[in-house]
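Below, each chain spelled out in residue letters.
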Amino acid sequence: MPARGTLSLCLGVLAATAILAAGAIVARLPVFSILARGWVVLPFTGVFALLAWVEGNPHRAVSLLSKSWLSAVAVVLLMASTPLERLLAGLEKLGVPPLLVSVVQFVWRYLHVSIAQLDRMRIARAARGGERKFVFATSTVAVLFASSAARAERVHWALLSRGGESHFPLLDPLRIDRLDYALLASALLAAALLVVSGGLR
Amino acid sequence: MHIPDGFLAAPVWGGLCAVSAPAVVLAARASRKSLDESQVPMMGVLGAFVFAAQMVNFPLGAGTSGHLLGGALLAATLGPAPAIIVMTAILALQSLVFQDGGLLALGANVFNMAVAGTLAGYWPWRALAGTRFRKFGLFTGGFCSVLVCAFLCLAELSVSGVRFGPTALGLALVVFLINAVIEGAITATVAGSLEAMRPGWLKAPSTEGRPVLALLLAFAAVLASAGLLLASTRPDGLERLAQLTGLAARQKSLFAAPLADYRLAVPGAAWVGKAAAGLTGLVLAAAACVGLARWFSRWRSA
């Protein structure tokens, strides 16, 4: 029995990998680099897989690793083929609150600004011979908060001066065409097959 | 504490998605009501701040360091509903762009960190903001938020069939406890510096509401999540407790009927029943605690 289970697991993983690779080829993306990027989940998953292996359950270890890897590859493929603003606009059409969508867009827009500022502060502290101390880290975070709040105010004024609301418009509107319907249908079919075959276990 | 895909059983992540989605929609509606348009950039930029602040290493001596999670800090500065939205936005970006936490597990992560963690971080602050124990309220907020996240995360994993030995579970709990103390300390000290810079940043909620209710809610959240963790790792212990207290008969009629049907409907999938029992347990425990808190506060004010 375990051999058969392992065989079907391997077949399933191969099939899913083939589908994802096909998606990467259709999107004209580098297939191997997309597949390799799924390994970012390894540090967390690897620990649990190792535990399962030590416990004498290699089947579970392999299934844990392959499931989280496949899922990560799927997300990498999605993000590599779809710009975030289009994805968010689509989610908004599907009923995600507009406030949440706007906040995600703002976080994404200002994330790199905040990180760059943090880096400048770190270099400035090191240049003045700053030590690694809990108090300094605290004040770094507090100053970062203060300047972020000030930045938010400036952003709000800039938006007002452009007469706009805090909403990010798309240049070309979203449409749904035959390819999308085909994709949706095949995804539903795959999900139904998974449920029927008991593959979710 | 970000759960990747492949760990949670389908009913667990599905059920938690079904809980998180309306919670986030409600939070969005509440923040729309309490905030004006100028707050949207504020929420977004502070979200970026939390993202960056999570990268600051807080040295703890002996070569170790911890970092901020930020839910309690956001709840104290923006209020609970906007904090839930901002934390959800951060988690969504982390799972989409950084593969930190799975996309299917996003509902579970949002429930643990954005909804339960933020609320557990807010209630102590709300209860103690107007009193002498202001700082302690901030510390307890940070502490509770991490503790609740950790308990929920471990409980969801073990309900889904990820086995921890007693050693691993104990080790994880110690690590999470230390993290909770760190989060409390960081939240209290950062908020203290913010207050020194500009007192208006910390939203002091009107405590003429019901401070006892708020504290009890926080306590209930911690207790419910801890109880869920215990119940999910030791189902036998729960049954024995029920028998000892003579609740067994009533409990059985409460639990057994719907779950028996569930097992009949999906033969051979015992974990469905287990997962459903775990989730039902969470809901029941939380409802009992909230009811107790309501009753207690009414009794106090009467």
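Fair warning: this is a prediction, and the values are worked out from it, not measured in the lab. (Residues numbered from 1 in each chain as written. Chains lettered and ligands numbered in written order. Predicted model: local features only at pLDDT ≥ 70, side-chain atom pairs only at ≥ 80, totals over all residues. Heavy atoms only, no water.)

> Any chance you could explain the packing of helix α6 (residues 98-127) of chain A against helix α4 (residues 80-97) of chain B here in plain terms?
Two packed helices can be described by the angle between their axes and the distance between those axes. Taken N-terminus to C-terminus, the directions of α6 of chain A and α4 of chain B make an angle of 60°; their axes are 9 Å apart at the nearest point. In terms of their interaxial angle, α6 of chain A and α4 of chain B are classed as oblique. Taken as a pair, α6 of chain A and α4 of chain B cross one another with a handedness that is right-handed. Here L99, L100, V103, V104, V107 and W108 of chain A of α6 of chain A lie close against α4 of chain B, whose contacting residues are I85, V86, T88, A89, L93 and V97 of chain B. Residues that form the contact of α6 of chain A with α4 of chain B fall into these classes: eleven nonpolar, one polar and no charged. (Axes fitted to C-alpha atoms, helices over the stretch in contact; angles between N-to-C directions. Helix = DSSP H or I, 4+ residues; strand = E, 2+ residues; numbered from the N terminus. Parallel < 35°, antiparallel > 145°, perpendicular 65-115°, else oblique. Left-handed = near helix turned anticlockwise from the far one by under 90°. Contact = heavy atoms within 4.5 Å. Nonpolar A, V, L, I, M, F, W, Y, C, P; charged D, E, K, R; others polar.)

> Just checking my understanding: could you explain the interface of chain B and chain A for this structure?
A common measure of how large an interface is: the accessible area buried when the components associate. Each side of the interface is counted separately: chain B has 61 residues, and chain A has 54 residues. Approximately 5,200 Å² of surface area, both sides summed, lies buried where chain B meets chain A, with 82% of it carried by carbon and sulfur atoms. Along the contact surface separating chain B from chain A lie zero salt bridges. Elements that contribute at least two residues to the side of chain B that touches chain A include exactly α1 (10-34), α2 (39-53), β1 (58-61), α4 and α7 (166-197) of chain B. Among the elements that line the side of chain B that touches chain A, the one with the most residues is α2 of chain B, at 13 residues. Looking at side-chain class alone, the side of chain B that touches chain A contains 41 nonpolar, 16 polar and four charged residues. (Buried area = accessible area lost by both parts, 1.4 Å probe. Salt bridge = Lys/Arg side-chain N within 4 Å of Asp/Glu carboxyl O.)

> Help me out: how do you make sense of the nonpolar core in this one?
Formed by 81 residues in total, the largest nonpolar core has its most connected members in V103 and V141 of chain A together with M43, F49, L74 and I85 of chain B. Take this core: its biggest share by element is twelve residues, from α4 of chain B. Ignoring sequence-local partners within four residues, the contact set of V103 of chain A consists of M43, G44, I85, V86 and A89 of chain B. (Core = buried A, V, L, I, M, F, W, Y, C linked by side-chain atoms within 4.5 Å. Buried < 20%, exposed > 50% of the residue type's maximum accessible area, 1.4 Å probe, protein only.)

> Whenever I open this one, the pattern of salt bridges confuses me. Can you help?
For side chains bearing opposite charge, pairing can occur when the charged atoms are close. Residues and elements named next belong to chain B. According to the stated counting rule, one finds two salt bridges over all chains in the structure shown. Measuring nitrogen to oxygen at the nearest pair gives 2.6 Å for the salt bridge that ties E195 to R134. Highlighted residues: E195 in helix α7 and R134 in helix α6 (residues 134-159), separated in sequence by 61 residues. With relative accessibility at 23%, the residue R134 sits in the partly exposed group.

> I'm lost on the side chain of Q105 of chain A in this one. Help?
Residue and element names in this part refer to chain A. Along the polypeptide, Q105 turns up in helix α6. On the basis of relative accessible area, Q105 is assigned to the buried category, the value being 10%. Not counting the four nearest positions on each side in its chain, Q105 is found in contact with E85, L88 and F168.

> Any chance you could explain helix α3 (residues 71-78) of chain B here in plain terms?
Along an α-helix, residues three or four positions apart point the same way, because every turn accommodates 3.6 residues. Among the eight residues in α3 of chain B, eight count as buried, and that is most of the element. Every buried residue of α3 of chain B is listed here: G71, A72, L73, L74, A75, A76, T77 and L78 of chain B. Residues of α3 of chain B that are buried sit in contact with α7 (134-161) of chain A together with α2, α4, α5 (106-128), α6 and α7 of chain B. Once α3 of chain B finishes, G79 of chain B follows within two positions and takes phi at roughly 100°, a positive value.

> Could you clarify how one ought to interpret the packing of α3 of chain B against α4 of chain B in this entry?
Residue and element names in this part refer to chain B. Axis separation between α3 and α4 bottoms out at 7 Å; the angle between their running directions is 140°. In terms of orientation, α3 and α4 fall into the oblique class. Between α3 and α4 lies a crossing whose hand is right-handed. On α4, the residues that touch G71, L74, A75 and L78 of α3 are P80, P82, A83, V86 and M87. Looking at the contact of α3 with α4 residue by residue, the class counts come to eight nonpolar, one polar and no charged.

> Mind showing me how you'd approach the packing of aromatic side chains here?
Think of a pair of aromatic rings as described by two things: how far the centres are apart, and how the planes are tilted against each other in angle. Residues and elements named next belong to chain A. The full count for this structure, using the stated rule, is six aromatic pairs over all chains. Judged by centre distance (6.3 Å) and plane angle (15°), the rings of F106 and Y110 are stacked. Separated by four residues within a single helix, F106 and Y110 lie in helix α6, roughly one turn from each other. Relative accessible area serves as the criterion here: at 3%, F106 is assigned to the buried category. Residue Y110 is classed as buried on the basis of its relative accessible area of 12%. Its end group placed over the ring of Y110, R109 keeps NZ or CZ at 4.8 Å from the ring centre. (Phe/Tyr/Trp six-rings, centres within 6.5 Å; stacked < 30°, edge-to-face > 60°. Lys NZ or Arg CZ within 6 Å of the ring centre and 35° of its normal.)

> Would you explain the confidence of the model for chain B in this entry?
Do not read the fine detail of predicted coordinates wherever pLDDT is low. Residue and element names in this part refer to chain B. Across chain B, the average pLDDT comes to 76, with 72% of residues at or above 70. Helix α10 (residues 248-265) is the least confidently modelled element of chain B, averaging 39 in pLDDT, while α4 averages 92, the highest of any element. The low-confidence segment residues 246-269, where pLDDT is below 50, has 16 contacts with residues more than four positions distant or belonging to other chains. (pLDDT = per-residue confidence, 0-100.)

> Which parts of the structure should I look at to understand α6 of chain B?
In this model α6 of chain B runs 37 Å from its N-terminal to its C-terminal C-alpha over 26 residues, within 8% of the 38 Å that 1.5 Å per residue would give. G161 of chain B sits one or two positions beyond α6 of chain B and adopts a positive phi of about 100°. (Expected span 1.5 Å × (residues − 1).)

> I would appreciate a short explanation of unusual backbone geometry in the present structure.
Note on backbone geometry: most residues besides glycine have negative phi, and most peptide bonds are trans. Not every positive phi belongs to a glycine, and R28 of chain A is a case in point at roughly 55°. Tracing the sequence through the fold places R28 of chain A in the loop between α1 (2-26) and α2 (31-37).

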